[in-house]
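# Secondary and tertiary structure notes
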Amino acid sequence: MNIHEYQAKELFVKYKVPTTIGGVANNTEEALKVAKEVIGENGPWVVKAQIHAGGRGKAGGVKFLTDIKKVESFTQDLLGKTLVTHQTGPEGKVVKKVYVQEGIDIEKEFYLGIVLDRQNEMPVMMASTEGGVEIEEVAEATPEKIIKINIDPAIGFQGFHGRELAFGLGLPKSDINTFIKFASALYTMYMDLDTEMIEINPLVQTPDNRFVALDAKVGFDDNALYRHKDIEALRDLGEEEPTETEAAEYGLSYIKLDGSVGCMVNGAGLAMGTMDTINYVGGTPANFLDVGGSASAQTVAKGFEIILKDKNVKSIFVNIFGGIVRCDRVANGIIEATKITKINVPVIVRLDGTNAKEAAEILNNAGISNIITATDLADGAKKAVAHAK
Amino acid sequence: MSILVNKNTKIIVQGFTGKEGTFHAEQCLDYGSKIVGGVTPGKGGQTHLNLPVFNTVKEAVTKTEATVSMIFVPPAFVGDAVMEAADAGISLAVIITEGAPVVDMMKAKAYATKKGMDTIGPNCPGVITSEECKIGIMPGMVFKKGNIGLISKSGTLTYEAANQVVQNGLGISTAVGIGGDPIIGLSYKQLLPMFEADKDTTAIVLIGEIGGDLEIQAAEYIKENITKPVVAFIAGQTAPAGKRMGHAGAIVSGGSGTAKEKMEALTKAGVHVVVSPAEIGETLSKVLKG
């Protein structure tokens, strides 16, 4: 789960990670109130669009302002505007909130982040002197400019971790302790809140030698949200794909793609494998959909409903490997589902595994004209692709 | 022979009396697995599925001499359960539970390693040695005895692959579902040498997916150390970047962990890489016929 910059900065304040002074605004009145009362009558101010995507600056979603009237007019411009950045996709994202922050003097810009290092199975803190540049670009062009240090949770964040990063960044001795304090606070927040990643880009150093998080990106481990109800409450459903959210409510894992063959599969790996097979035999998958282990009539019906919301879908490939769930039961579920959700495209069904023969008989005997049975994965994919043309 | 588990392996079940634990323990017993008891705190002294229930893993190990634990406890308690198993001297924990927090697994795995306990999973179908011992949730009837070792991140793709192997007149020695979470126990790199050393395994099927770099590590290992033929499939060639494809770890981030780079690395290592899982069985058959 991701959150907005303003929410991330509120968490920074809580964890004593120095950040900008500011506040969120839903309209121009609130923006002016924050600008004047929280930051000050004389500014300067920075107004930033709040969407779950990077690249806002380049897309015109961030402005440094010295005139309070401009705070009002720029907020007005941003609210309701669709921002298209390299992370939003071509359809962009609508700005519903802005964050108004103090404009501060910048001496130097850095990058500081923490993510899980899957290879070493512990968090890794990364710092770079290339602040303000996408870390992926830095990693590609000048990997030597990224300093990485693993932090073993068994010992937690120690001084040497901080020193290694600070000296790596070329900080003078006088700045080392301030930096260590900053990094240590960030690590505490990372572990305490079960975050998946924290990224500060840029982390700035002011002329009076303070380190301040100018931006903030924080994502959380979905599996741990049950123990952070206050974090879960920060979820902004408006930032998520509505069909994906709806699917999740029914225990379905759905991701929309832009092809024409709808897919309904049990298991994430087989679901991806099915998409790959459709592609391999010359078609294009319309979605990823894992119906989970049970594949009951209700979940299958909901799956059909969600797939058919996409008007590009010309055929649907149901690919179920029945294990513990017997195929004959899944077949009955599919027949039931066709009664709940009206399906107007050909449905190619491949049921393999336990009681596959009985399942094929049930489907063939049901006499539903747009259900076509397939013998295996390749056969099903070919038929589904043929029917989508 | 086989790897990890066989007909003599003594197993306990943590989360024994719960709905999932009960259902799957029964299925495993039917398959012939030697489950000798289970653990449910507070239900010690009771009998479940005609087997003893213990309050702690330590007690279960002392009384039953079990060496393997199959874990079904809810996600919030997985870390605790794995550490308890490690502390009690279990040598292999098979963690079926889906949805364990990353931080919990990070700590639990580090502790397991310290105690010398291997783990499989979490969020995996488990491990099966055909017609001898099933520890997990896979459909037993798909796995017929044979000489193919199978290592996979995905549950249903494991069944799909095993089914194709059998339909091509071959069979499975041992199949291990390693799970698709960001932090998992035994992986390709630890399992490949076990299959290489197993005289009953003549070829290996490796199934991976997008995210992380375990498959790349596997490719490097295979190139230097594996003499038996390997057939591989990587799921997610058509998956969009930045999206989590069902499994917590199945995500292409920052342009790395793509199916393409994994397939290329495996191909370079001499592995027979198939583009569709539909071709696993046939390819394996061809490779073995030489």
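What you see is a predicted model; the values in this text were computed from it and never measured. (Residues numbered from 1 in each chain as written. Chains lettered and ligands numbered in written order. Predicted model: local features only at pLDDT ≥ 70, side-chain atom pairs only at ≥ 80, totals over all residues. Heavy atoms only, no water.)

## Description of the overall build of chain A
- Looking only at helices and strands, chain A features 13 helices and 18 strands.
- Buried positions account for 54% of the 389 residues belonging to chain A.
- In chain A, once contacts between residues fewer than 6 apart in sequence are set aside, the share between residues at least 24 apart is 68%.
- On chain A, roughly 16900 Å² of surface is accessible, and the fraction owed to carbon and sulfur atoms is 49%.
- For chain A, the distance from the average position of its 41 positive side-chain charges to the average position of its 54 negative side-chain charges is 3 Å. (Helix = DSSP H or I, 4+ residues; strand = E, 2+ residues; numbered from the N terminus. Buried < 20%, exposed > 50% of the residue type's maximum accessible area, 1.4 Å probe, protein only. Contact = heavy atoms within 4.5 Å. Areas by Shrake-Rupley, 256 points an atom, 1.4 Å probe, with all protein chains shown as cover. Lys, Arg positive; Asp, Glu negative; His and termini not counted. Charge placed at Lys NZ, Arg CZ, Asp CG, Glu CD.)

## Side note on the interface of chain A and chain B
- Each partner contributes to the interface: chain A provides 44 residues, whereas chain B provides 56 residues.
- When chain A packs against chain B, the two sides together hide about 3800 Å² of surface, and 62% of this comes from carbon and sulfur.
- Summed over the shared surface of chain A and chain B, the number is five salt bridges.
- Within the residue set of the side of chain A that touches chain B, elements represented by two or more residues are β8 (122-128), β13 (253-256), α9 (268-280), β16 (315-322), β17 (347-353) and α13 (377-387) of chain A.
- Tallying contributions element by element places α9(A) first for the side of chain A that touches chain B, with 10 residues. (Buried area = accessible area lost by both parts, 1.4 Å probe. Salt bridge = Lys/Arg side-chain N within 4 Å of Asp/Glu carboxyl O.)

## Quick word on the domain arrangement of chain B
Residue and element names in this part refer to chain B.
- Once the domains are mapped, chain B shows domain 1 (11-120) and domain 2 (138-289).
- The C-alpha-based centres of domain 1 and domain 2 are spaced at 26 Å.
- Each partner contributes residues to the interface: domain 1 has 10 residues there, and domain 2 has 11 residues.
- Counting the surface lost from both domain 1 and domain 2, the interface buries some 820 Å², and carbon and sulfur atoms represent 65% of this.
- The largest contributions to the domain 1 side of the interface with domain 2 come from Tyr31, Lys109 and Ile120, which together make up 49% of the buried area.
- In this assembly, domain 1 and domain 2 are joined by zero salt bridges.
- Inspection of the domain 1/domain 2 interface yields three residue pairs in polar contact (both at pLDDT 80 or more).
- Looking at the side of domain 1 that touches domain 2, the elements that each hand over two or more residues are α4 (102-115) and β7 (118-120).
- Of the residues assigned to the side of domain 1 that touches domain 2, the class counts are seven nonpolar, one polar and two charged. (Domains from an automatic or database assignment. Polar contact = N/O pair within 3.5 Å; in protein donor to acceptor, adjacent residues only side chain to side chain. Nonpolar A, V, L, I, M, F, W, Y, C, P; charged D, E, K, R; others polar.)

## Quick look at unusual backbone geometry
- Residue A:Pro44 is bonded to the preceding A:Gly43 through a cis peptide linkage, with omega at -5°.
- Turning to its location among the elements, A:Pro44 is positioned in the loop between α2 (28-39) and β2 (45-49).
- The omega torsion across A:Asn201 and A:Pro202 is 10°, close enough to zero to call that bond cis.
- Relative to the helices and strands, A:Pro202 resides in strand β10 (residues 195-205).
- Positive phi values are uncommon outside glycine, yet A:Asn209 reaches one of about 65°.
- Here A:Asn209 shows up in the loop between β10 and β11 (211-213).
- A positive phi angle is found at B:Glu131, which is not glycine, with a value near 60°.
- Among the structural elements, B:Glu131 can be located in the loop between β8 (126-129) and β9 (133-136).

## Considerations on the UniProt feature "binding site: substrate" (unreviewed entry) in chain A
- Mapped onto this structure's residue numbering, the UniProt feature "binding site: substrate" (unreviewed entry) falls at A:Asn266, A:Gly323, A:Ile324 and A:Val325.
- By the element assignment, A:Asn266 lies in the loop between β14 (261-265) and α9.
- The residues touching A:Asn266, leaving out its near neighbours within four places in the chain, are A:Asp290, A:Val291, A:Gly292, A:Asn319, A:Ile320, A:Phe321 and B:Thr156.
- A polar side-chain atom of A:Asn266 sits 3.0 Å from the main-chain carbonyl oxygen of A:Phe321.
- Relative to the helices and strands, A:Val325 resides in the loop between β16 and α11 (327-340).
- The class of A:Val325 is partly exposed, set by a relative accessible area of 22%. (UniProt positions renumbered as here; feature names shortened; annotations may be inferred.)

## Details of the confidence of the model for chain B
- Per-residue pLDDT for chain B averages 95, and the proportion of residues at 70 or more is 99%.
- Predicted as a complex, the structure gets a pTM of 0.92 and an ipTM equal to 0.92. (pLDDT = per-residue confidence, 0-100.)

## Comments concerning the domain arrangement of chain A
- The domain boundaries assigned to chain A delineate domain 1 (21-102), domain 2 (108-232) and domain 3 (241-388).
- Distance from the C-alpha centre of domain 2 of chain A to the C-alpha centre of domain 3 of chain A: 43 Å.

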